[in-house]
Amino acid sequence: MGDVVQFKRPKVSLLHKGNTLCRSGFHKWEVINEKQFDVKQGKLVTVYRCKRCAKIKSEAL
Ligand SMILES: [Zn+2]
């Protein structure tokens, strides 16, 4: 019966790792809109979203 206890930790620490990475600025970016025209910048940009925290960023090409 005592053996079950050791399964408690892994998943929680994985979640924390993801959040910590995002807070440190290491997001898991995925492209959601490639070569979109940004009126404000007057040029084409690629829009990214973080898979973990859903933050959006755009990058000029
Ligand atoms: Zn993130």
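Just above, that's the structure.
Residues numbered from 1 in each chain as written. Predicted model: local features only at pLDDT ≥ 70, side-chain atom pairs only at ≥ 80, totals over all residues. Heavy atoms only, no water.

Draft legend 1. Summary view of the coordination of the zinc ion. Taken together, Cys22 (SG), His27 (ND1), Cys50 (SG) and Cys53 (SG) make up the full set of protein donors to the zinc ion, lying 2.0 to 2.4 Å away. We note that the donor set of the zinc ion lies within a single chain, spaced as C-x4-H-x22-C-x2-C. Of the two residues, Cys22 sits in helix α1 (residues 10-23) while Cys50 sits in strand β2 (residues 43-50), which places them 28 residues apart along the sequence. Of the residues examined, Cys22 reaches a relative accessible area of 10% and is grouped as buried. (Donors = N, O, S within 2.8 Å, 3.2 Å for Na, K, Ca; no water. Helix = DSSP H or I, 4+ residues; strand = E, 2+ residues; numbered from the N terminus. Buried < 20%, exposed > 50% of the residue type's maximum accessible area, 1.4 Å probe, protein only.)

Draft legend 2. Inspection of the pairing of strand β3 (residues 56-60) at higher detail. Note that β2 and β3 share five bridges and pair antiparallel. When the bridges of β3 are listed, Val45 appears paired with Ala60. The loop that links β2 with its antiparallel partner β3 comprises five residues; one of these, Ala54, has a positive phi angle of about 65°. (Pairing = 2+ DSSP bridges.)

Draft legend 3. The arrangement of the pattern of salt bridges in detail. As enumerated under the stated definition, the model contains two salt bridges in all. For the salt bridge of Glu30 with Arg49, the shortest nitrogen-to-oxygen distance reads 3.7 Å. On the criterion of sequence distance, the pair formed by Glu30 in strand β1 (residues 29-38) and Arg49 in strand β2 is long-range, its members being 19 residues apart. Of the residues examined, Arg49 reaches a relative accessible area of 34% and is grouped as partly exposed. Across the pair Lys57 and Glu59 runs a salt bridge, and its minimum N-O distance is 3.5 Å. Its relative accessible area of 25% is what places Lys57 among the partly exposed residues. For Glu59, a relative accessible area of 38% translates into the label partly exposed. (Salt bridge = Lys/Arg side-chain N within 4 Å of Asp/Glu carboxyl O.)

Draft legend 4. The arrangement of the sheet that holds β1 in detail. Pairing is antiparallel across the open sheet formed by three strands, whose spatial order is β1-β2-β3. Of all strands in the sheet, those with a lone pairing partner are β1 and β3, marking the two edges. Adjacent strand axes in the sheet meet at a mean angle of 25° when their direction is disregarded. Examined bridge by bridge, β1 and β2 share seven bridges and lie antiparallel to one another. Residue pairing for β2: Val31 is matched across the bridge by Tyr48. (Axes fitted to C-alpha atoms, helices over the stretch in contact; angles between N-to-C directions.)

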